[in-house]
Amino acid sequence: MQEKELWKNTISCLETELSKATISTFFAGTELASFKGGHAKIRCPNHLSANYLKTRYADFIINTINTLSGSSCSVSFEVRKITPKKVHDLGPIFKTKEQSGLVSTYTFESFVVGLSNQLAVSVAQAVIEQPGNLHNPLFLHSGVGLGKTHLMHAIGNAIKQQNQNTRVLYSPAEQFTNELIKAIQSRRPTSSFRKRFRSVDVLLIDDIQFLAGREATQEEFFNTFNELYLSNKQVVLTSDRHPSEIQRLERRLVSRFSGGMITDIQEPDLDMRIEIIRRKAAEKGATLQEEVLLALAEQISGSIRQLEGILNQILTIASAQNVTPTTELVSGILQNIPQSKKFISPENIVSTVCEHFSTKPETVRSKKRSRDIVLPRQIIAYFLRDLTQLSLQNIGEMLGGRDHTTILHGLEKIENDLTESNFLKNQLEALRVEILGKTS
Ligand code: ADP
Ligand code: MG
């Protein structure tokens, strides 16, 4: 069998095992470069697809080629060469990952692809292949908790992975605004602010709807955008709605945003919800029975963030009771779990966390900076950010008039510690259950 035909047949066989979305997203543009001496060399259009195929589908591919060719083979994956882009000198600010603002766990590998986000993922892939060239800007929009932020970080991480020297900067629009205000208020020239946002190769601005009605920030962002755009730097934006539906956003910005690619993410269908729950449970080392997966996926629709939150609560409760989750347990818990959009009072968060750490709200708001006070303070900020609509500034005010950047650093610290400490993770999950439980 010719290589070409063998690969075509392999993909046809894989189509019976994997979803169409997976095939069209991660196998598009792949080919069997050579098949000699029992070794199959598979060429992929980019690192993302190569990594994905290698980590997830290597066994599938080997088994299928073995069956089709009647021999026993090994595989390797390589990336098709593209002409390297010009690399600029590294600015001092962009040496480490942390300064790019990227969360390393938000990758394509941990992103489930289904019908609802397939288009967004393919466009994102095109951006990774040719940043600044194909879809500029890329504008992603969807309701909350459907994966915009995750996908945006995944783009940044994948571009970094291709070339560590590419300067990527992720920033929520709120942070862009706050930093600008601070630069203006400090009466220092805004040049260092400008340098930070304009000397990048890839700029990722999350939740751009935050700029609505903020004229000075819009003006600054318009200039930032133009400068990057004119030098072919990639800009990726997200929003909770289509640019034309963002009220009080200047027409010239709407028109810039519409000049590239606008794509949305829809709510996940049942199959995708099942797959997401399966994967998130596996990430936590839990395996759920199929009927339990189905029960959960059927009863929770809408946001993936909510799906994840409820799964975490179920796993926490099951482990606290030392039982494996059954459909009965799931239904019992779901009845008691407040479904989305319930109002969670900030005071409830403060008092629950304080109680847990045997401290008082006054102490948390005080100037004290000992470790036993800093941790509950940061955890309160974390839940205020996660469960309420408060801005970083509001949170700073609630916590004794602290600066929003202090709050942001605290949040980053917790997010970081969470990836390393299971103890902290369990502690936060238990607290979350307690906070949500009190909100009925
Ligand atoms: P948004 O920015 O649209 O509000 P996020 O990107 O913050 O949503 O996603 C919310 C949560 O759901 C995150 O924990 C994210 O990892 C998870 N999530 C969203 N979409 C997916 C997906 N397709 N696969 C896996 N996890 C997802
Ligand atoms: Mg988001």
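Here the structure is shown first, and the text comes after it.
Please read all numbers here as calculations on a predicted model, not as lab measurements.

## Some thoughts on the overall build of the chain
When its secondary structure is counted, the chain shows 20 helices and eight strands. Here the C-alpha atoms of the chain give a radius of gyration of 24 Å, agreeing with the 22 Å that 2.2 N^0.38 yields for 440 residues. Expressed as a percentage of contacts within the chain between residues at least 6 apart in sequence, the contacts between residues at least 24 apart total 73%. Accessible surface, the chain: about 21,800 Å² in total, of which carbon and sulfur atoms supply 50%.

## Some thoughts on helix α7 (residues 173-185)
Each α-helix turn comprises 3.6 residues. Residues three or four places apart therefore point the same way. Over its 13 residues, α7 runs 18 Å from end to end, which matches the ideal 18 Å to within 8%, given 1.5 Å per residue. If you check which residues of α7 are buried, you get Ala173, Glu174, Gln175, Phe176, Thr177, Asn178, Leu180 and Ala183. Phi turns positive, to about 60 degrees, at Arg187, one or two residues after α7.

## Remarks on the site of ligand 1
Neighbouring ligand 1 are 19 residues, the closest being Val112, Gly145, Thr149, His150 and Glu308. Contacts to ligand 1 include Leu146, whose backbone N or O atom sits 3.2 Å from an oxygen atom. For the shell around ligand 1, the secondary-structure elements that each account for two or more residues are α6 (148-162), α11 (270-283) and α13 (304-320). Across the shell around ligand 1, the residue classes break down as seven nonpolar, eight polar and four charged.

## What about α11?
Taking 1.5 Å per residue, 14 residues should reach 20 Å; α11 reaches 20 Å between its end C-alpha atoms and fits that length. On its buried face, α11 is in contact with α3 (47-69), α12 (290-299) and α13. At the exit of α11 stands Gly285, carrying a positive phi of roughly 75 degrees.

## Looking at the side chain of Asn312
Relative to the helices and strands, Asn312 is located in helix α13. For Asn312, the side chain forms a polar contact with the side chain of Lys284, separated by 3.5 Å. Dropping the residues within four chain positions of it, Asn312 is found in contact with Lys284 and Glu429.

## A few points about the pairing of strand β6 (residues 202-206)
Look at any regular strand and the pattern is simple: side chains alternate between the two faces of the sheet. Of all five residues in β6, five are buried, a share of seventy percent or more. The alternating pattern of β6 places Val202, Leu204 and Asp206 on one face and Leu203 and Ile205 on the opposite face, and all of these are buried. Relative to β6, strand β5 (residues 168-172) runs parallel, the two being bridged by five bridges. Paired with Leu169 across the strands is Leu203, a residue of β6. Relative to strand β7 (residues 234-239), β6 runs parallel, the two sharing four bridges. Within the sheet, the bridge partner assigned to Leu203 lies in β7 and is Val235.

## Quick word on the nonpolar core
Grouped together as the largest cluster of nonpolar side chains are 73 residues, with contacts concentrated most on Phe27, Ile61 and Phe108. When residues of this core are assigned to their parent elements, the largest contribution, nine residues, is made by α3. Setting aside residues up to four positions removed in sequence, Ile61 forms contacts with Trp7, Leu14, Phe27, Ile42, Leu53, Val75 and Phe77.

## Quick look at the side chain of Lys233
Structurally, the position occupied by Lys233 is in the loop between α9 (215-230) and β7. Looking at Lys233, its side chain comes within polar contact range of the side chain of Asp201, at 3.1 Å.

## Focus on unusual backbone geometry
With an omega dihedral of -5 degrees, the bond running from Asn136 to Pro137 counts as a cis peptide bond. Positionally, Pro137 belongs in the loop between α5 (118-129) and β4 (138-141). Here the phi dihedral of Asn232 falls at roughly 60 degrees; this positive angle occurs in a residue that is not glycine. Relative to the helices and strands, Asn232 resides in the loop between α9 and β7.

## A short note on the pattern of salt bridges
This structure, assessed with the given rule, holds 21 salt bridges. Salt-bridge contacts for Arg252 lead to Glu250; the nearest nitrogen and oxygen are separated by 2.5 Å. Between Glu290 and Arg278 there is a salt bridge whose closest N-O contact spans 2.8 Å. Placement of Glu290 in helix α12 and of Arg278 in helix α11 is noted, with a sequence separation of 12 residues between them. Its relative accessible area of 34% is what places Arg278 among the partly exposed residues. Counted as one network, the salt bridges with shared partners bring together Glu31, Arg43, Glu78 and Arg80.

## Some thoughts on the environment of Asp271
Along the chain, Asp271 turns up in helix α11. Classification of Asp271 as exposed rests on a relative accessible area of 60%. Taking the C-alpha atoms as reference, Asp271 lies 25 Å from Arg241; in sequence the two are 30 residues apart.

What counts and what doesn't
- Residues numbered from 1 in each chain as written.
- Chains lettered and ligands numbered in written order.
- Predicted model: local features only at pLDDT ≥ 70, side-chain atom pairs only at ≥ 80, totals over all residues.
- Heavy atoms only, no water.
- Helix = DSSP H or I, 4+ residues; strand = E, 2+ residues; numbered from the N terminus.
- Rg over C-alpha atoms; globule rule 2.2 N^0.38 Å.
- Contact = heavy atoms within 4.5 Å.
- Areas by Shrake-Rupley, 256 points an atom, 1.4 Å probe, with all protein chains shown as cover.
- Expected span 1.5 Å × (residues − 1).
- Buried < 20%, exposed > 50% of the residue type's maximum accessible area, 1.4 Å probe, protein only.
- Near = heavy atom within 4 Å.
- Polar contact = N/O pair within 3.5 Å; in protein donor to acceptor, adjacent residues only side chain to side chain.
- Nonpolar A, V, L, I, M, F, W, Y, C, P; charged D, E, K, R; others polar.
- Pairing = 2+ DSSP bridges.
- Core = buried A, V, L, I, M, F, W, Y, C linked by side-chain atoms within 4.5 Å.
- Salt bridge = Lys/Arg side-chain N within 4 Å of Asp/Glu carboxyl O.

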